[in-house]
Amino acid sequence: MSDARTAILRRIVEANSSQGTAEAAAESWELLPRDYSVVSQRSRADVLELLQDRLRDYDAAVVRCEPALLTMTLNATLTAASVHRIGIPQGLQELILPAGFEFVIDEGMSPSELDGLDAVLTGCILAIAETGTLVLQSTIDHGRRALTLVPDVHVCLVRSADVVETVPQAFARLQPTATMPTTFVSGPSATADIEMTRVKGVHGPRFLHVILIHDDAAT
Amino acid sequence: MSTGTALDPRTAPPFPIAAARSLEDSQLRKNVRHATDVIQGKRARVVSEMPDWEALRISGEAIRRHTMKHLDEYLRQFEENCARAGGVVHWARDGAEARALVIRLVEEAVENEGPHNSLREVLKIKSMTTEEIQLNQALESAGIRPYETDLAELIIQLGHDQPSHIVVPALHKNRQQIRELFRKEMDLPELGESPEELAEAARRFLRTRFLRVPIAISGANFLIAETGGVCIVESEGNGRMCLTLPRTLITLAGIDKVLPRFRDLEVLLQTLPRSATGERMNPYNSMWTGVQRADGPKQFHVVLLDNGRTDVLADIEARQTLHCIRCGACQNVCPVYRETGGHAYGSVYAGPIGAILTPQLQRLQHARSLPYASSLCGACYEVCPVKINIPEVLIHLRNKVVRRDTAGLRVLGNPEALAMKAASTIFRSERRFRAAQRLGRLAQRPLERKDAKGEPWVSSLPGFFGGWTATRDLRAMPKQTFREWWENRSRNNRDAKYSAEAPR
């Protein structure tokens, strides 16, 4: 096996007529052209508006609310989705959750147990307005990856302070936690494999509800 | 559920023969035309809303070119960082080595599951690299059942069919054909034909397997040298199922899939989804690094595959082929692919990118007709998100094919090469050139036919040259060449200074 490694690396060095080094690679990487848009072009209000539009374009449901009204908004969303048994990651125990639902904290449920949930409620690390994307990492507030995958309904809380406009802004924020399991979610699960007709919902959640909480001063 | 015969460039018929067969299948052409029209339209819409699209393409190309220049360094970085995070990195020189490795890893994983779960089953995420090395057939021969989980790959697997597109492998099938297949294979006689019903059938069919099977095999869209992480881009959630529920995950990736740093994804995750499916972002992107204690598989292996890629890297003019990020945009715009569909290319990599990638991975012996499967119109280059100049590489490969075919005595067995040799002898001497023109005018006389306007045409050339006139007419050579007219004119001018009339 190690000889396959040696052989492949040797062939690459021969093809490049030079041996790569960390210094040479780093130096040349810094010089790569990056003339694409990185910073925001829009006002904060417009960025939130854009996120909402792009999410709805993917058939996600979006509601906006003030922090004080979160419990009420959650109640309305969960009721409208007709779900009862709802999985949550450990970090969301702190939330004041609406009464009348069964919230189950994920402490390592089996795949079949996850399959028995009606819905899952999580936070996210950030949202990208331009692409309508929610980014989840395996934190105490977002849960492990399977939790937001197996149940059919995903309700995601997005704080307005965590909304960025562009993809490069998102990557700059994610860099410190780059090695964590990370999932970009853009709308419900979908396929266009049959005659390029977009069908909502194959194996992941078929329904995505986003609650956008206005918690930064700018908005 | 066994897999049909694989697309294998070593045994596939040459492109012109396979293409002629595809062209007779009007249903296939209709399906391919419809699907590629839809994706092209969606792509154009989401690309046009990006004012910095060209800057993203330029950066994408620069990142890929830079990566190839430092490929050994970045692969070492990836290996080190992946291992530090609990992954195990393996290397495979060719398909045979990779197949043996993956089978061994699956056997070990089955053993680790213990006696309570001795089922020899694996889940698979759509991966063109596993198709390239014909992994499913090898797994089946070893008594392991692979379950394809991507909807299109499931359609291919159930139908003992072959992928015909990099991104949408079953685009040659329409809903009625898929319904018939599912009715039979999933035992659902009442199944309707709406895409919703078909997708729902696939969801139910696969869910029990997702919850049961403890081993998964994936490809990779990107490997990240800086972190040792892997990125997979998908739509349905079948990828996420395979990446998070099983206890063992085996990822097979070409050595070309590496990226220098995490930040480089900010370019390619903008251009890939828009180019591939015409979405601003595909529904799910997964990124993970090694093994995490409380999230996902406990055993993680990466197999780094060469299989001809270092040969491509060694060809200075063609190495840009390795920049490809497998978006399939070149297939959707290609006027040849749109008529023939993917199977005619005899390889899992069809369309323009296949026409340059397949012959190189196969070292030209096989698939030597593929560099000619193009009109060189350049549409593929225009849409490529990393600016691979496919026409340039096609011409380079044609050149290599010709040089192979005309080396030494081989020229004698090749009428086209002989004709070219003769032409080059003629063109090198003015005397021979003039003699050939005179001879041509004499020789064409019995073949000439006049059209309604009285213009002479040749519609049937004899023997070897007949191929040229099989599908088109040839304008007859004029009575007088430009040179002759020019010489006469100069002579006449000396006689009558102001008379000059162009030949008709």
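Here the structure is shown first, and the text comes after it.
Residues numbered from 1 in each chain as written. Chains lettered and ligands numbered in written order. Predicted model: local features only at pLDDT ≥ 70, side-chain atom pairs only at ≥ 80, totals over all residues.

When two helices pack together, their arrangement is given by the angle between the helix axes and by the axis-to-axis distance. Residue and element names in this part refer to chain B. Contact geometry for helix α9 (residues 175–185) and helix α10 (residues 195–212): axes closest at 10 Å, N-to-C directions at 35 degrees. With respect to the hand of their crossing, α9 and α10 are arranged in left-handed fashion. The segment α9 lies against α10, with Arg 175, Ile 178, Arg 179 and Phe 182 engaging Pro 195, Leu 198 and Ala 201. (Axes fitted to C-alpha atoms, helices over the stretch in contact; angles between N-to-C directions. Helix = DSSP H or I, 4+ residues; strand = E, 2+ residues; numbered from the N terminus. Left-handed = near helix turned anticlockwise from the far one by under 90°. Contact = placed C-beta atoms within 7 Å.)

What follows deals with the sheet that holds strand β3 (residues 145–148) of chain B. Residues and elements named next belong to chain B. Pairing in this open sheet of six strands is parallel, and the strands run β1-β10-β7-β4-β2-β3 from one edge to the other. What marks the edges here is a single partner per strand, and that holds for β1 (88–92) and β3. With strand direction ignored, the average angle separating the axes of adjacent strands in the sheet is 25 degrees. Note: strand β7 (residues 248–254) against strand β10 (residues 299–305), seven bridges, orientation parallel. Counterpart to Gly 254 in the pairing with β10 is Leu 305. Against the sheet, helix α4 (residues 71–84) touches β1 and β10, its axis set at about 145 degrees to β1. (Pairing = 2+ DSSP bridges.)

Time to look at the pairing of strand β12 (residues 207–213) of chain A. Residue and element names in this part refer to chain A. Across the seven residues of β12, six count as buried, placing the element largely inside the fold. Both strand β1 (residues 61–65) and β12 contribute to a ladder of five bridges, which runs parallel. Residue pairing across strands places Arg 64 opposite Leu 212, the latter belonging to β12. (Buried ≥ 20, exposed ≤ 12 C-beta atoms within 10 Å, placed from the backbone.)

Residue and element names in this part refer to chain B. Strand order across the open sheet formed by three strands is β11-β12-β13, with antiparallel pairing between neighbours. Of all the strands in the sheet, the pair left with one neighbour each is β11 (448–450) and β13 (474–475). As paired strands, strand β12 (residues 456–458) and β13 are joined by two bridges and run antiparallel to one another. Residue pairing for β13: Val 458 is matched across the bridge by Leu 474.

Orientation of helix α6 (residues 167–174) of chain A relative to helix α12 (residues 265–276) of chain B, taken along the N-to-C sense of each, is 140 degrees, at an axis distance of 9 Å. As the angle between them shows, α6(A) and α12(B) are arranged oblique. The chirality of how α6(A) crosses α12(B) is right-handed. Residues Val167(A), Pro168(A) and Phe171(A) of α6(A) form the contact with α12(B), whose participating residues are Leu265(B), Glu266(B), Leu269(B) and Gln270(B). Tallied by class, residues from the contact of α6(A) with α12(B) come to five nonpolar, one polar and one charged. (Parallel < 35°, antiparallel > 145°, perpendicular 65-115°, else oblique. Nonpolar A, V, L, I, M, F, W, Y, C, P; charged D, E, K, R; others polar.)

Right, let's get into the environment of Thr183(A). Summarising the element assignment, Thr183(A) is placed in strand β9 (residues 182–185). Distance from Thr183(A) to Thr148(A), taken between C-alpha atoms, is 9.8 Å for residues 35 residues apart in sequence.

Residue and element names in this part refer to chain B. One non-glycine residue, Arg 326, lies in positive phi territory at about 60 degrees. With respect to the element layout, Arg 326 can be found in the loop between α13 (309–314) and α14 (329–333). Given 20 C-beta atoms within 10 Å, Arg 326 falls into the buried group. The backbone phi angle of Lys 387 is positive, close to 55 degrees, even though this residue is not glycine.

Facing 78 residues of chain B, the contacting portion of chain A comprises 64 residues. Among the residues making up the side of chain B that touches chain A, the classes are represented as 40 nonpolar, 21 polar and 17 charged. Bridge analysis of β9(A) against strand β9 (residues 284–289) of chain B gives four bridges, and the strand direction is antiparallel. Looking at the pairing, Thr182(A) lines up with Met287(B) of β9(B).

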